[in-house]
Structure formats: C-alpha cells, structure tokens
Amino acid sequence: MLTPTLLAVAVRSSNWSPTIGLIMLICNVIAIAFGKYTIKNQSTGPAMPSPNLFGGFGLGAVLGTTCFGHILGAGVILGLTNIGAI
C-alpha cells in the first residue's frame, strides 16, 4: 500500500504570523517592481480606479504582477519553512 509512503512525505507548515505576512508583502513589491520594468504595455486593458495609485498599471498588469508575487511568496515561505528559518 501507499499509506506509509504518503505519511513519510508530510510537509512542514507554519501558521500565519506577521513574519509570513511581511515576506508575502516583500515578494509582491518585488514582483510589482519587476513588472514595472518588464511589461511593455502596462496600461493595456481596463483601467484601475486610481491609475496614479497603481503606477499607471491597467487591470491585467496589476493582476499579473500580484499573482506572480503570491506565487513567489508561497515558494519563499515554503522554502524558508522547510529549512527551518521561520
């Protein structure tokens, strides 16, 4: 059976804390900065309610960069948890 094998690969997880939130925030800021310098047509698509607040990004650019930031943040948090840093 696969039960003993599945139990052997249990993933370490951590509860939410301000440190986890700060890591996710930093990863999102890094992703938005990366998108600011790499996205060619930042304002294409529907506009955000306050374009100045979002750095001139359109809806697609905001969603794309924040999705990338969350993926990056999840990887960083899981990696740091796995090595025991947080």
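Since the model is a prediction, treat every value here as computed from it, not as a measurement.

### Remarks on the environment of Gly84
- When you line up the elements, Gly84 lands in the segment after helix 3 (59-83).
- Spatially, the C-alpha atom of Gly84 lies 10.0 Å from that of Ser14, the residues being 70 residues apart in sequence.

### Thoughts on the packing of helix 2 (residues 18-38) against helix 3
- Interhelical geometry of helix 2 versus helix 3 gives an angle of 140 degrees and a closest axis separation of 8 Å. Considering the angle they form, helix 2 stands oblique to helix 3. Pair helix 2 / helix 3 crosses with right-handed handedness. Where helix 2 approaches helix 3, its residues Ile20, Ile23, Met24, Cys27, Asn28, Ile30, Ala31, Ile32, Phe34 and Gly35 are matched on the opposing element by Thr65, Thr66, Phe68, Gly69, His70, Leu72, Gly73, Ala74, Val76, Ile77 and Leu80.

### A few points about the UniProt feature "transmembrane region" (unreviewed entry) in the protein
- As recorded in UniProt, the feature "transmembrane region" (unreviewed entry) lies at residues 20-39 and 51-80.
- Annotated as 95% helix and 0% strand, the span residues 20-39 places its first and last C-alpha atoms 28 Å apart.

### Quick word on the side chain of Thr65
- Locating Thr65 in the fold gives a position in helix 3.
- By relative accessible area, which is 5% here, Thr65 ends up buried.
- In this structure the side chain of Thr65 is engaged in a polar contact, spanning 2.9 Å, whose partner is the backbone oxygen of Ala61.

### Points about the environment of Leu63
- Considering the arrangement of structural elements, one finds Leu63 in helix 3.
- With 31 residues separating them in the primary sequence, Leu63 and Ile32 have C-alpha atoms 9.9 Å apart.

### A short note on the packing of aromatic side chains
- Counted by the stated rule, this structure contains one aromatic pair.
- For the pair Phe34 and Phe68, a centre-to-centre distance of 6.1 Å together with 40 degrees between the ring planes defines the contact as tilted. Of this pair, Phe34 sits in helix 2 while Phe68 sits in helix 3, and the two are 34 residues apart along the sequence.

### Here's the deal with the nonpolar core
- Counting five residues, the largest nonpolar core consists of Ile20, Ile23, Met24, Cys27 and Ile77.
- Considering every element that reaches this core, the biggest residue donor is helix 2, with four residues.
- Other than its neighbours up to four places away in sequence, Met24 contacts Gly69, His70, Gly73, Ala74 and Ile77.

Each value, and the rule that gives it
- Residues numbered from 1 in each chain as written.
- Predicted model: local features only at pLDDT ≥ 70, side-chain atom pairs only at ≥ 80, totals over all residues.
- Heavy atoms only, no water.
- Helix = DSSP H or I, 4+ residues; strand = E, 2+ residues; numbered from the N terminus.
- Axes fitted to C-alpha atoms, helices over the stretch in contact; angles between N-to-C directions.
- Parallel < 35°, antiparallel > 145°, perpendicular 65-115°, else oblique.
- Left-handed = near helix turned anticlockwise from the far one by under 90°.
- Contact = heavy atoms within 4.5 Å.
- UniProt positions renumbered as here; feature names shortened; annotations may be inferred.
- Buried < 20%, exposed > 50% of the residue type's maximum accessible area, 1.4 Å probe, protein only.
- Polar contact = N/O pair within 3.5 Å; in protein donor to acceptor, adjacent residues only side chain to side chain.
- Phe/Tyr/Trp six-rings, centres within 6.5 Å; stacked < 30°, edge-to-face > 60°.
- Core = buried A, V, L, I, M, F, W, Y, C linked by side-chain atoms within 4.5 Å.

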